[in-house]
Amino acid sequence: MRKIIISLILAMLAGCGNSTTQEALITYTNEELIPLIEIEDEATSRFNSIGQHFTNDYDLAQRIEEEVIPLYEELVTGLNNVNVQNEEIEEAHQIFLEGSMLQLEGMTKIVEAIQSNDQQMAEEAHRLLEQGEVLVTQFSNELSELYETYDVEIQ
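Residues numbered from 1 in each chain as written. Predicted model: local features only at pLDDT ≥ 70, side-chain atom pairs only at ≥ 80, totals over all residues. Heavy atoms only, no water.

Undergrad: Help me out: how do you make sense of the nonpolar core in this one?
TA: Note on soluble globular proteins: their nonpolar side chains tend to be buried together. Residues Tyr28, Ile64, Phe96 and Phe139 are the most contacted members of the largest nonpolar core, which totals 42 residues. For this core, the elements supplying multiple residues, two or more each, are α2 (20-53), α3 (57-81), α4 (87-116) and α5 (119-149). (Core = buried A, V, L, I, M, F, W, Y, C linked by side-chain atoms within 4.5 Å. Buried < 20%, exposed > 50% of the residue type's maximum accessible area, 1.4 Å probe, protein only. Helix = DSSP H or I, 4+ residues; strand = E, 2+ residues; numbered from the N terminus.)

Undergrad: Looking at this model, I keep getting lost on the packing of α3 against α4. Mind explaining?
TA: At a closest axis distance of 9 Å, the pairing of α3 and α4 adopts a crossing angle of 160°. Comparing the axis directions of α3 and α4 gives the class roughly antiparallel. Where α3 crosses over α4, the two elements pack in a sense that is left-handed. The class makeup of the residues in the contact of α3 with α4 is 18 nonpolar, six polar and three charged. (Axes fitted to C-alpha atoms, helices over the stretch in contact; angles between N-to-C directions. Parallel < 35°, antiparallel > 145°, perpendicular 65-115°, else oblique. Left-handed = near helix turned anticlockwise from the far one by under 90°. Nonpolar A, V, L, I, M, F, W, Y, C, P; charged D, E, K, R; others polar.)

Undergrad: So what exactly am I meant to see when it comes to the packing of aromatic side chains here?
TA: Ring pairs (aromatic) are described by centroid distance and by the angle formed between their planes. Under the counting rule described, the total for this entry stands at one aromatic pair. With a centroid separation of 4.6 Å and an interplanar angle of 10°, the aromatic rings of phenylalanine 96 and phenylalanine 139 are classed as stacked. Highlighted residues: phenylalanine 96 in helix α4 and phenylalanine 139 in helix α5, separated in sequence by 43 residues. (Phe/Tyr/Trp six-rings, centres within 6.5 Å; stacked < 30°, edge-to-face > 60°.)

Rendered as structure tokens:
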């Protein structure tokens, strides 16, 4: 899922028209979004790697706490600091922010669940992560629609 976002964004964007929204979309993507997507991709990669290579629950919790949560905190802070002046882009951006916040909360709950050996909390963490992923996918879809609507091409 995150690979979809990255493949949509990591190229410089160019527009074929002259709309203000089009210009705002290009600026938002190139100046604000690309660095944040790189952070999100790194956090996801680390989380997936940890999940495949942990030796015990304590190791898993510690590595998530030390390697993944700080990246999600950086991502959420960065998303909060973006000042979008365009309403359509802002609506999509808020979806990405909300999804990232849910994922951060889910990561934090995973660590708490492992530390307290609480299965119910682990299930809650899993739900939060799923909800966050749904929103991040929704953001990606809405961003793609904006690119299409405002004739922004990925080069």
